[in-house]
Amino acid sequence: MFTIQFLLNIFPSYQGQIQSNIKVEHVITDSRDVKKNALFIPIVGDTFNGHDFIDQAIENGAIATLWDEKEKVPSNVPSSFVFFFVSDTLKAMQQLANNYRNDVDPIVIGITGSNGKTTTKDLVKSIFQTERKTHATKGNFNNHIGLPITILNMPRDTEILVVEMGMNNFGEIDLLTNIAQPNYAIITNIGESHIEHLGSREGIAKAKLEIRNGLKQNGYLIIDGDEPLLKLLHNDKNIITCGFDKINDVRITNVQFHEQSSLFQISNEVYTVPLLGKHHAKNATLAIAIAKQLGYDRETIQQGLDTLEHTTMRFEWSKGKNGASIINDAYNASATSMKAAIEVVKQIEGFKHKGLVLGDILELGTYSKQMHESVADTIEKPIDFVFTFGEHAIEITNRLKEKQPSIISKHCVTKEEVINLLQNYLQEETLLLFKASRGMKFEEIIQKIME
């Protein structure tokens with residue numbers, strides 16, 4: 001990755017025997033990771049202090065550390081081990097990540113948005129790795145700790161770096177984008193996620209637009225051009241708008257659903273993505289827009305879409321008891337993404353019965369009742385039954401009983417109650433959608449009807 005000399009140039013205050021040509025092969029924040037020739041970065045949290053585990057890190061292969069200058073240096077470490085003294089190890093890690101990003105100098109694609117960040121990241125990665133060495137965010141490593149780790153785990157021969165940027169509050173995307181300094185940035189959409197912290201969808205849009213702050217000179221911003229809160233950007237320089245409206249630079253038309261895939265058209269080119277939903281056609285189009293900027297042709301792009309490795313629990317299809325079809329979309333949820341998933345289920349053909357198992361959408365604050373009721377307004381035939389679980393999801397059931405009394409609806413107070421109710425519907429001609437915020441742990445329900 002880099003040498004001890006590279007670290008010395010950034011962090012000149014040190015202790016230990018410097019051998020400038022010694023190579024650092026890994027960067028770790030967990031002392032339990034067994035990695036040879038690693039740089040250990042001890043993170044300090046509310047209930048733990050990584051500095052306490054330096055002995056374990058050394059035992060597992062660390063050869064150097066970024067060390068808070070306020071912490072006592074242990075006396076029993078080998079003289080060859082190097083301490084680089086910093087005022088704050090987290091800020092130092094972020095600084096190191098930025099330096100390493102600039103040293104490797106890949107094309108960086110930064111992705112944010114209320115919904116669809118991870119799916120779009122998966123799509124971008126899948127397209128670009130057809131021809132170039134591509135490194136991308138894994139799991140939920142998209143915050144002030146995860147993004148630097150993603151960059152510092154990037155192999156030196158990386159040509160395309162794809163980083164996801166998450167946030168809860170103002171200023172967080174600003175920090176991430178200035179670390180990653182993207183050449184291209186994507187805003188997938190503006191939803192309601194974290195509205196309790198940001199006050200309104202306008203506040204959410206403002207926070208997402210911080211991604212421009214770190215954009216490289218002459219870099220491009222690719223946005224959901226159908227979003228009214230982003231309309232003011234349409235005439236700005238180096239903006240590419242994508243969506244269904246005629247005004248967009250890249251317009252999506254003729255969306256069709258096939259078994260577990262969506263077909264759509266951009267200009268005179270037809271694409272297929274192995275995901276269901278108009279929202280996924282748009283996510284794919286955001287990725288295609290960048291690929292076109294970098295010279296990829298339709299055939300190569302389609303090859304990338306065909307080989308998509310999708311993050312689990314995101315519209316993941318499987319078979320349950322008695323051959324029932326299950327869609328697990330319970331990785332996370334907002335009102336926007338829940339309504340989009342329901343719309344897809346309504347349009348899927350070939351099933352006699354369709355049911356929804358919906359849970360709480362978290363972090364909505366005072367907007368919770370309003371947003372959960374808005375989900376119920378999306379539910380209509382051919383949905384046959386709806387079961388809800390959670391403190392807030394009861395609002396979906398209450399609204400549904402009022403507006404759609406012909407649809408079977410029941411709120412459950414335990415997961416066991418949900419599981420028992422589902423037993424009567426587990427048959428080959430039934431399609432079930434599971435959707436809730438990640439904290440609801442809906443996989444515990446799904447596992448019980450898979451056995």
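For the structure itself, consult the block above.
Here's a quick rundown of the structure.

## What to know about the nonpolar core
Item 1. In this structure, Phe2, Leu39, Leu96, Ile151, Leu221 and Ile379 are the most contacted members of the largest nonpolar core, which totals 81 residues.
Item 2. Among the elements that line this core, the one with the most residues is helix H3 (residues 89-104), at seven residues.
Item 3. Not counting chain neighbours up to four residues away, the residues in contact with isoleucine 151 comprise Ala97, Tyr100, Arg101, Leu161, Val163, Ile179 and Ala180.

## Focus: the sheet that holds strand E4 (residues 26-28)
Item 1. The mixed open sheet is built from five strands, whose spatial order is E2-E7-E6-E5-E4. The open sheet is flanked by strand E2 (14-15) and E4, the only strands paired with a single partner.
Item 2. Strand direction decides the pairing type here: strand E5 (residues 38-40) and strand E6 (residues 62-68), joined by three bridges, are parallel. Within the sheet, the bridge partner assigned to phenylalanine 40 lies in E6 and is threonine 65.
Item 3. Most of the contacts of H3 go to E6, to which it runs at about 120 degrees, and overall it touches E5, E6 and strand E7 (82-86).

## A look at the layout of surface pockets
Gaps between atoms show up when a probe of the same size as a water molecule is rolled over them.
Item 1. In this structure, the second largest pocket spans a volume of roughly 200 Å³.
Item 2. Lining the second largest pocket are Met1, Glu25, His26, Val27, Ile28, Thr29, Asp30, Asp33, Lys35, Phe141, Ile149 and Asn153.
Item 3. The element contributing the most residues to the lining of the second largest pocket is E4, with three residues.
Item 4. Here the residues of the lining of the second largest pocket are counted per class, giving five nonpolar, three polar and four charged.

## Brief notes about the environment of glutamine 181
Item 1. Turning to its location among the elements, glutamine 181 is positioned in the loop between helix H6 (172-180) and strand E11 (184-187).
Item 2. With 73 residues separating them in the primary sequence, glutamine 181 and valine 108 have C-alpha atoms 7.2 Å apart.
Item 3. For glutamine 181, the side chain forms a polar contact with the side chain of asparagine 102, separated by 3.2 Å.

## So, the side chain of threonine 397
Item 1. The topology assignment puts threonine 397 in helix H13 (residues 394-403).
Item 2. Taking relative accessible area as the criterion, threonine 397 reaches 2% and is therefore assigned buried.
Item 3. Residues within four places of threonine 397 in sequence aside, it is in contact with Thr388, Ser409, Lys410 and His411.

## Let's talk about the packing of helix H9 (residues 278-293) against helix H10 (residues 298-306)
Item 1. In contact at an axis separation of 11 Å, H9 and H10 are set at 140 degrees when each is read in the N-to-C sense. The angle between the axes of H9 and H10 places the two elements in the oblique class. Taken as a pair, H9 and H10 cross one another with a handedness that is right-handed. Residues Ala284, Ile288, Ala291 and Lys292 of H9 lie in contact with H10, whose contacting residues are Arg298, Ile301 and Leu305.
Item 2. Split by residue class, the contact of H9 with H10 holds five nonpolar, no polar and two charged.

## Re the environment of isoleucine 107
Item 1. Mapped onto the elements of the fold, isoleucine 107 is located in strand E8 (residues 107-112).
Item 2. Residues isoleucine 107 and asparagine 183, 76 residues apart in the sequence, show an inter-C-alpha distance of 6.1 Å.
Item 3. Setting aside residues no more than four positions away along its own chain, isoleucine 107 makes contact with Arg132, Glu159, Ile160, Leu161, Asn183, Tyr184 and Leu294.

## A closer look at the pattern of salt bridges
Item 1. The final tally for this structure, using the stated rule, is 24 salt bridges.
Item 2. For aspartate 103, the salt bridge identified is with arginine 156, shortest N-O distance 2.5 Å. Of the two residues, aspartate 103 sits in helix H3 while arginine 156 sits in the loop between helix H5 (146-152) and strand E10 (160-164), which places them 53 residues apart along the sequence.
Item 3. Residue classification places aspartate 103 among the partly exposed positions, given a relative accessible area of 39%.
Item 4. The exposure class assigned to arginine 156 is partly exposed, which follows from its relative accessible area of 40%.

Analysis parameters
- Position labels on residues start from 1 in each chain and follow its written sequence.
- Local features in this predicted model are restricted to residues of pLDDT 70 or higher, and side-chain atom pairs are both shown and tallied only at a pLDDT of 80 or more, whereas totals for entire chains, interfaces and linings draw on every residue.
- Here the side-chain values reflect all heavy atoms present in the structure, with hydrogen atoms and water set aside.
- Buried Ala, Val, Leu, Ile, Met, Phe, Trp, Tyr and Cys residues that are joined via side-chain atoms within 4.5 Å together make up what is termed a nonpolar core.
- Whether a residue is buried, partly exposed or exposed follows from its accessible area with a 1.4 Å probe, protein chains only, as a fraction of its type maximum: under 20%, in between, or over 50%, in that order.
- Helix and strand assignments follow DSSP, with helices taken as H or I runs no shorter than four residues and strands as E runs no shorter than two, numbered in order from the N terminus.
- Note on definitions: a residue-residue contact is assigned when non-hydrogen atoms from the two residues lie within 4.5 Å.
- Paired strands, as defined in this entry, are two strands with at least two bridges between them according to DSSP.
- Axis definition: a line fitted to C-alpha atoms, over the contacting stretch in the case of helices. Angles run 0 to 180 degrees between N-to-C directions.
- Both site types are read off a 1 Å grid over the protein atoms alone. A 1.4 Å probe that fits but cannot get out defines a cavity, while an open set with protein on both sides within 12 Å along at least five of seven lines defines a pocket; lining residues have an atom within 4 Å of a point.
- Grid points are joined across faces, edges and corners, and a volume is the space filled by probe spheres set on the points.
- In this classification, Asp, Glu, Lys and Arg are treated as charged, Ala, Val, Leu, Ile, Met, Phe, Trp, Tyr, Cys and Pro as nonpolar, and every other residue, Gly included, as polar.
- We define a polar contact as two N or O atoms separated by no more than 3.5 Å, with the added condition that, inside protein, one atom must be a possible hydrogen donor and the other a possible acceptor, whereas residues neighbouring each other in sequence contribute only through side-chain atom pairs.
- The labels follow the angle: roughly parallel below 35 degrees, roughly antiparallel above 145, roughly perpendicular from 65 to 115, and oblique for the rest.
- Crossings are assigned a handedness: left-handed for a near helix turned anticlockwise from the far helix by less than a right angle, right-handed for a clockwise turn.
- We define a salt bridge as a side-chain nitrogen of Lys or Arg found within 4 Å of a carboxyl oxygen belonging to Asp or Glu.

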